[in-house]
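These are the residues of each chain, in order.
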Amino acid sequence: MVYKGIYHLFYQYNPKGAVWGNIVWAHSTSTDLVNWISHKPAIFPSQQADINGCWSGSATILPGGKPVILYTGIDPSERQVQNLAMPKNLSDPYLIEWAKYPKNPLMLATPMNRINGSAFRDPTTAWQGPDKLWRVLVGSRDNRVGVAYLYKSKDFDHWTLAEEPLHSAEGTGMWECPDFFPVKTDGFEGLDTSARGKRVKYVLKNSLDETKHDCYTIGTYDVVKDKYFPDKGMVEGDAGLRYDYGKFYASKTFFDDEKKRRILWGWTNESSSVKDDVLKGWSGIQAIPRTVWLDKSRKKLLQWPVKEIEKLRENQVNWPSKILEGGSKLEVIGVTAGQADVEVSFQVSDLKNVEVLKEKHYNPQLLCSKNSASVRGGLGPFGFLTFASNCLREYTAVFFRIYNHRNKHKVLMCSDQSRSSLNKHNDNTTYGAFVDLDPAREKLSLRSLIDRSIVESFGGGGKVVISSRVYPTLAIDNQIKLFVFNNGTANVKITSLNAWSMKKAQIS
Ligand SMILES: OC[C@H]1O[C@@](CO)(OC[C@@]2(O[C@H]3O[C@H](CO)[C@@H](O)[C@H](O)[C@H]3O)O[C@H](CO)[C@@H](O)[C@@H]2O)[C@@H](O)[C@@H]1O
């Protein structure tokens with residue numbers, strides 16, 4: 001959340017080690033979403049209602065600018081219950097001290113409401129309806145039906161379970177960290193969570209516990225019936241839209257009323273072994289915050305790294321337009337390849353000889369693993385080789401490959417981790433997604449933010465995002481190289497390339 005010009009990040013943290021357990025709400029603040037100061041934990045077990053853990057939840061800014069937090073506590077019987085916490089001193093912009101509401105818990109599973117008390121967690125940011133009642137969602141499941149329970153309150157103290165959930169979907173499993181927010185049908189501007197209006201659509205995101213993917217649908221919200229309806233054609237669950245086709249989970253958005261934008265922030269867990277996490281003494285990072293808005297098609301969201309991240313850019317490298325011949329690669333010299341921001345734009349012309357996809361349906365992730373960066377294609381693979389070692393024994397390839405699918409061009413974007421590290425204990429799954437682009441008419445843009453163990457890649461101006469975690473053994477420190485490559489037979493044109501070394505953010 002943002003309070004008095006200061007951004008607050010609260011995150012799930014184990015003060016006792018680099019593995020999950022003993023969960024408290026750790027707390028950091030920033031004035032620019034780039035440089036951070038860490039504070040003592042804001043919320044930690046201290047009441048019966050959270051004695052066994054302070055799990056996820058959300059902040060809401062009440063009228064008058066007063067922040068409150070609803071979070072899941074684990075009670076003495078290991079039940080998940082919903083609790084309230086408030087800042088002790090509103091004149092402290094850092095909000096260091098938090099008080100628990102003495103009447104906690106405010107929402108709990110009972111035999112009457114038939115909620116499953118071991119699958120009842122992660123309250124959303126609350127929003128206010130036209131009747132002035134506050135509404136909040138709590139994630140759950142009923143067998144494998146994912147459920148977003150709706151609670152209403154006039155005072156944030158007494159909460160009543162609505163007769164029906166806001167939404168539920170068969171076969172999607174437990175919904176963790178639900179997020180429900182309005183988006184404008186035109187433009188980049190974000191909306192307050194309570195905003196309504198004719199030119200507004202709604203997004204419901206759920207973190208699917210079964211697959212660990214953050215999936216969303218776009219739809220309408222009937223404020224009278226208190227029901228959410230995904231638009232026609234939206235697919236619910238794991239086969240639907242995802243914020244990120246790599247590692248990105250338990251994300252949240254918030255409305256930044258200072259800059260009138262909606263910011264999405266997510267957690268990327270490690271791809272290293274638990275043993276290695278314990279050895280290095282930490283695990284899990286936050287991806288770069290992203291601005292989100294609705295695509296013109298209204299069928300998906302677009303995402304872009306927050307503008308502030310550009311403050312870290314230095315030593316710009318700029319290439320004029322050039323041809324990247326089939327089977328060639330060009331090194332991007334002049335940037336620190338282990339901490340860089342690189343943007344390229346490709347134009348293709350030779351669309352006659354693209355590879356043909358014959359089946360009706362393809363799983364893009366499987367297609368990327370089968371046709372990795374080293375597999376020669378017609379038009380593609382072309383893109384970046386990040387974290388490349390001297391003799392290319394290690395590299396993480398982010399690339400496009402163009403196919404002909406039933407007489408239409410289909411653009412596949414992949415992040416190939418199969419050669420990322422010689423350490424075989426890492427998860428080296430390759431990720432992929434189709435990008436809704438017409439290569440005959442549009443340029444194919446790719447931006448990758450590279451930072452020591454993460455590559456966050458934005459394809460087609462934020463239509464598809466893939467984040468991957470990598471731990472090279474050779475491509476480290478000043479032994480890291482960055483290339484633009486083309487392993488297809490056809491040439492492609494680089495219409496522009498801009499790369500920057502990225503300074504270190506200040507984290508104290
Ligand atoms: O910290 C609890 C909150 O985290 C969430 C969403 O991530 O639930 C996570 C969950 O545990 C699994 O995920 C951990 C990492 O987040 C993982 O390290 C652990 O091994 C997993 O069990 O926490 C509970 C208890 O284990 C489990 O049911 C969840 O999947 C969120 O829903 C919680 O509020």
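Small disclaimer: the values here were computed from a predicted structure and weren't measured. (Residues numbered from 1 in each chain as written. Predicted model: local features only at pLDDT ≥ 70, side-chain atom pairs only at ≥ 80, totals over all residues. Heavy atoms only, no water.)

Some remarks on the packing of aromatic side chains
Piece 1. Taken as a whole and judged by the stated rule, the model has 24 aromatic pairs.
Piece 2. Aromatic pair Phe10 and Trp25: ring centres 5.7 Å apart, planes at 50°, arrangement tilted. Residue Phe10 is located in strand E2 (residues 6-13), and its partner Trp25 is located in strand E3 (residues 24-30); the two are separated by 15 residues in the primary sequence.
Piece 3. What makes Phe10 buried here is its relative accessible area of 16%.
Piece 4. One aromatic cluster is present, formed by Trp127, Phe180, Tyr202, Tyr221 and Tyr228 through successive ring pairs. (Phe/Tyr/Trp six-rings, centres within 6.5 Å; stacked < 30°, edge-to-face > 60°. Helix = DSSP H or I, 4+ residues; strand = E, 2+ residues; numbered from the N terminus. Buried < 20%, exposed > 50% of the residue type's maximum accessible area, 1.4 Å probe, protein only.)

So, the confidence of the model for the chain
Piece 1. Overall, the prediction assigns the chain a mean pLDDT of 97, with 100% of residues at 70 or greater.
Piece 2. In the model output, the complex is listed with pTM 0.98 alongside ipTM 0.94. (pLDDT = per-residue confidence, 0-100.)

Regarding the pairing of strand E34 (residues 444-451)
Piece 1. Here E34 lies mainly inside the structure; 6 of its 8 residues are buried.
Piece 2. Two elements, strand E28 (residues 339-347) and E34, share 8 bridges in a ladder whose sense is antiparallel. Directly across from Val342, in E34, lies its bridge partner Ser448.
Piece 3. Sheet topology note: the E34/strand E35 (residues 454-459) ladder contains 6 bridges and is antiparallel. The residue bridging Asp451 from the neighbouring strand is Ile454, located in E35.
Piece 4. Turn length for the E34-E35 hairpin, with the two strands adjacent in sequence and antiparallel, is 2 residues, and the turn residue Arg452 shows positive phi of about 60°. (Pairing = 2+ DSSP bridges.)

Some thoughts on the state of the cysteines
Piece 1. Under the criterion given, the structure shown has 1 disulfide.
Piece 2. The disulfide partner of Cys368 is Cys414, and the gap between their sulfur atoms is 2.1 Å. The sign of the -75° torsion about the S-S bond sets the Cys368-Cys414 disulfide as left-handed. With a gap of 46 residues between them, Cys368 in helix H2 (residues 364-370) and Cys414 in strand E32 (residues 408-416) connect regions that are remote in the sequence.
Piece 3. Using a relative accessible area of 0% as the deciding quantity, one classes Cys414 as buried. (Disulfide = S-S within 2.5 Å.)

Quick word on the environment of Thr193
Piece 1. You can see Thr193 is positioned in the loop between strand E15 (175-184) and strand E16 (200-208).
Piece 2. Accessibility expressed as a relative area gives 12% for Thr193, which makes it buried.
Piece 3. Leave out the neighbours within four places in its chain, and Thr193 touches Thr125, Ala126, Trp127, Phe180, Pro182 and Arg262.
Piece 4. A polar contact of 3.0 Å, which involves the side chain of Thr193, links it to the side chain of Arg262. (Contact = heavy atoms within 4.5 Å. Polar contact = N/O pair within 3.5 Å; in protein donor to acceptor, adjacent residues only side chain to side chain.)

Considering the sheet that holds E3
Piece 1. Reading across from one edge, E1-E2-E3-E4 is the order of the 4 strands in this open sheet, with antiparallel pairing throughout. Of all the strands in the sheet, the pair left with one neighbour each is strand E1 (2-3) and strand E4 (37-43).
Piece 2. As judged from the 7 bridges shared by E2 and E3, these two strands associate in the antiparallel manner. The residue bridging Tyr7 from the neighbouring strand is Ser30, located in E3.

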